Amino acid sequence: MCGIVGYLGQQQAQGILLDCLGRLEYRGYDSAGMATIDAGKLGRQRCAGKSAALQSLLDRHPLAGGIGIAHTRWATHGRPTDNNSHPHTDCTGALAIVHNGIIENYSELKELMEDDGHRFVSQTDSEVIAHLIESKLAANVEGGLKAAVMEALSAVQGTYALAVISQQQADKIVVARSGGPPLVIGHAEDGLYISSDITAILHYTRDIQILEDNEIAEIRRDGASITLLDGTPVDRAKIQIAWKQNAADRNG
Ligand code: GLU
């Protein structure tokens, strides 16, 4: 199984995200990628292969910015190629998503979106989520990125852990979860972290909120607000993780 990490804070995201992706390696994957926003502009690098291949790509073409999301992919729809690697973007390249899981009704949704003029460039099921959010943002749904993601997800059948960033609202990450793949939110002095797995961010934070099934959260620099996917507020306490890092490492 593959993974998601994200960061929003005072530091540059790239190094932190690469480090955290490395700590998810044990989950198994075939490709890796990252997107950040710097000075209002979204940047993305991704490739088939291991995180060392992504590292070398980023050495040549670094991604700046204090907000970012990253992914390791275990291909279910579309071969493990550079182009099928996450993050996926909308038609304009203004928003990026990373997804773990399977979108069961993606071919119907893709057909509808294509009829509406959206251009798909990958063979993945996941890309449809980026176009759905794009269309909701274009319709100016009240409540910004989180509301657009909620509306988009109401059309989706399947399983997901999902993280989204957008140039239009470059101060937040929206994350959501349904039907299996896990996601946690970590709170630290320098910023907020998201991860498929507590162990991947334990090096940075021990204050964790678990996102439960059918929940969505808006991550901002000053905290995270969680609701159900239908908007019902959720009051989720933070838990303090006491494990030692080496107990959580692969060899532990
Ligand atoms: N179904 C998606 C894909 O094939 C996500 C796979 C995953 O969970 O990594 O790209």
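Just so we're clear, the structure is a prediction, and the values are computed from it rather than from any experiment.

**Student:** Explain the environment of G33 here, please?
**Tutor:** Tracing the sequence through the fold places G33 in strand β2 (residues 31-38). Separated by 116 residues in the primary sequence, G33 and V149 have C-alpha atoms spaced 21 Å apart. Contacts of G33, omitting those with residues within four sequence positions, involve L21, Q45, R46, L54, I69, A70, H71, H86 and P87.

**Student:** In this structure, what is going on with the nonpolar core? I would like to understand it.
**Tutor:** As a rule of thumb, soluble globular proteins bury nonpolar side chains together. I97, I133, V149, L162 and V164 are the most contacted members of the largest nonpolar core, which totals 27 residues. Within the residue set of this core, elements represented by two or more residues are β6 (95-103), α3 (106-115), α4 (127-138), α5 (144-153), β7 (158-166) and β8 (169-178). Beyond its immediate chain neighbours, meaning those up to four positions away, V164 contacts I69, L95, A96, I97, I133, L145, V149, K172, I173 and V174.

**Student:** What am I meant to see in the packing of aromatic side chains here?
**Tutor:** Two aromatic rings are characterised by how far apart their centres lie and by the angle between their planes. A complete count under the given rule lists two aromatic pairs for this structure. Judged by centre distance (5.1 Å) and plane angle (25°), the rings of Y193 and Y204 are stacked. Placement of Y193 in strand β10 (residues 191-195) and of Y204 in the loop between α6 (198-201) and β11 (207-211) is noted, with a sequence separation of eleven residues between them. Given a relative accessible area of 24%, Y204 falls into the partly exposed group. Here the aromatic residues Y7, Y193 and Y204 are joined through ring pairs into a cluster of three or more.

**Student:** Would you take a moment to explain the site of the ligand for this structure?
**Tutor:** Around the ligand, a shell composed of 14 residues is seen, among which R73, T76, H86, G101 and D125 lie nearest. Here an oxygen atom of the ligand sits 3.1 Å away from a polar atom, N or O, in the main chain of H77. Isolated, the ligand exposes 300 Å² of accessible area, and the fraction of that covered by the protein chains is 98%. Elements with a minimum of two residues in the shell around the ligand: β4 (67-73) and β6. Here the shell around the ligand takes three residues from β6, the largest share from any one element. Looking at the shell around the ligand, its residues break down into three nonpolar, nine polar and two charged.

Conventions and cut-offs
- Residues numbered from 1 in each chain as written.
- Predicted model: local features only at pLDDT ≥ 70, side-chain atom pairs only at ≥ 80, totals over all residues.
- Heavy atoms only, no water.
- Helix = DSSP H or I, 4+ residues; strand = E, 2+ residues; numbered from the N terminus.
- Contact = heavy atoms within 4.5 Å.
- Core = buried A, V, L, I, M, F, W, Y, C linked by side-chain atoms within 4.5 Å.
- Buried < 20%, exposed > 50% of the residue type's maximum accessible area, 1.4 Å probe, protein only.
- Phe/Tyr/Trp six-rings, centres within 6.5 Å; stacked < 30°, edge-to-face > 60°.
- Near = heavy atom within 4 Å.
- Polar contact = N/O pair within 3.5 Å; in protein donor to acceptor, adjacent residues only side chain to side chain.
- Areas by Shrake-Rupley, 256 points an atom, 1.4 Å probe, with all protein chains shown as cover.
- Nonpolar A, V, L, I, M, F, W, Y, C, P; charged D, E, K, R; others polar.

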